[in-house]
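Tertiary structure, described
Residue-level listing of the chains:
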Amino acid sequence: RRVLFRSMPVICLIDTPGAFPGLEAEERGQAEAIARNLFEMAQLKVPILCYIIGEGASGGALGIGLGDRVCMLENTWYTVISPESCSSILWRSWDHKEEAAEALKLTPDHMLDFKLIDDIIKEPLGGAHTDPEKMAKTLKSHIKSALSELLPMDPDERITLRIEKYSQMGRVTTTDA
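All of these numbers come straight from a predicted model, not from anything done at the bench.

Thresholds applied
Residues numbered from 1 in each chain as written. Predicted model: local features only at pLDDT ≥ 70, side-chain atom pairs only at ≥ 80, totals over all residues. Heavy atoms only, no water. Buried < 20%, exposed > 50% of the residue type's maximum accessible area, 1.4 Å probe, protein only. Helix = DSSP H or I, 4+ residues; strand = E, 2+ residues; numbered from the N terminus. Pairing = 2+ DSSP bridges. Axes fitted to C-alpha atoms, helices over the stretch in contact; angles between N-to-C directions. Parallel < 35°, antiparallel > 145°, perpendicular 65-115°, else oblique. Contact = heavy atoms within 4.5 Å. Nonpolar A, V, L, I, M, F, W, Y, C, P; charged D, E, K, R; others polar. Polar contact = N/O pair within 3.5 Å; in protein donor to acceptor, adjacent residues only side chain to side chain. Salt bridge = Lys/Arg side-chain N within 4 Å of Asp/Glu carboxyl O.

A few words now on the pairing of strand S2 (residues 48-57). Summarising burial for S2: 8 of the 10 residues are buried, a large majority. Two strands pair when backbone bridges link them, and strand S1 (residues 10-16) and S2 are joined in this way by 6 bridges, in the parallel orientation. Across the sheet, the residue bridging to Ile11 is Leu49, located in S2. Bridge analysis of S2 against strand S3 (residues 69-73) gives 4 bridges, and the strand direction is parallel. Bridging from a neighbouring strand, Ile52 pairs with Met72 of S3. For S2 and strand S4 (residues 77-79), the ladder comprises 3 bridges, and the chain directions are parallel. The residue of S4 that forms the bridge with Gly56 is Tyr78.

Bringing the packing of helix H5 (residues 83-90) against helix H6 (residues 97-104) into the picture now. One way to put it is that H5 packs onto H6 with a least axis distance of 8 Å and a crossing angle of 105 degrees. What the angle tells us is that H5 and H6 run roughly perpendicular. Only Lys97, Ala100, Ala101 and Leu104 of H6 make contact with H5, whose side of the interface consists of Pro83, Glu84, Cys86 and Ser87. In terms of residue class, the contact of H5 with H6 is built from 5 nonpolar, 1 polar and 2 charged.

Residues other than glycine predominantly adopt negative phi, and peptide bonds predominantly adopt the trans conformation. Phi is positive for Ser58, which is not a glycine, with a value near 80 degrees. Structurally, Ser58 is set in helix H4 (residues 58-63). Using a relative accessible area of 7% as the deciding quantity, one classes Ser58 as buried. You will see that Lys115, though not glycine, has its phi angle at about 60 degrees, which is positive. As for its placement among the helices and strands, Lys115 is situated in the loop between helix H7 (108-113) and strand S5 (119-121).

A word on the side chain of Thr76. Inspection of the secondary structure assignment puts Thr76 in the loop between S3 and S4. Looking at Thr76, its side chain comes within polar contact range of the main-chain oxygen of Leu73, at 2.7 Å. Beyond its immediate stretch of four places on either side in the chain, Thr76 contacts Ile52, Ile53, Gly54, Leu106, Thr107, Pro108 and Glu123.

In total, this model carries 7 salt bridges according to the counting rule given. Between Glu149 and Arg69 there is a salt bridge; the shortest N-O distance is 2.4 Å. With Glu149 in helix H8 (residues 132-150) and Arg69 in strand S3, the pair connects residues that are 80 residues apart, well separated along the chain. In this structure, Glu133 engages Lys137 in a salt bridge whose closest nitrogen and oxygen atoms are separated by 3.6 Å. Of this pair, Glu133 and Lys137 both sit in helix H8, 4 residues apart, which is roughly one turn of the helix. Among the residues examined, Glu133 registers a relative accessible area of 56% and is labelled exposed.

We now examine the environment of Asn37. Looking at the element boundaries, Asn37 is found in helix H3 (residues 30-42). When its relative accessible area of 30% is taken as the criterion, Asn37 is described as partly exposed. Those residues in contact with Asn37 that lie beyond four places of it in its chain are Gly63 and Ile64.

Turning to H5, a few remarks are in order. Residues of H5 that are buried include every one of Pro83, Ser85, Cys86 and Ser87, and no others. Among the structural elements, S4 and H6 are those in contact with the buried residues of H5. Once H5 ends, the next one or two residues include Arg92, with phi positive near 55 degrees.

As structure tokens, this is what we get:
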């Protein structure tokens, strides 16, 4: 049984609102907890599948969103900070949350274009909540397909590919000052 447990894939269903963007959270070790989780997940020998199924806001969502495959339902969003929190930091008011959301580029289409996710999963007409059974079947099919690709891989190869995937994210520009 112990060996079976160690070989079980990790499947994260992410629906996390933004965290409070205050000094108190950082004083309690929020950033360290997220970093530790990312460090541990990067090294897991089993397949990791992450699905954003609702709100995917803040470091908490990012902290459990490190996977071999990261997918979003088509009506979800994923960002390091919620539009409300971003607005409150930049403008000291929640009144600019729509402007913040536009600037954050947090939709599934943007995330796919930026190569931060691997797939967008179609939802039933009207959204996942209108037909949970159909959505569950769609997710099940997607999970089975991803696992059929990931399970046969050598665990060390899977870890190497996972680390390479995350190492390639983002853009760095340097200039001579």
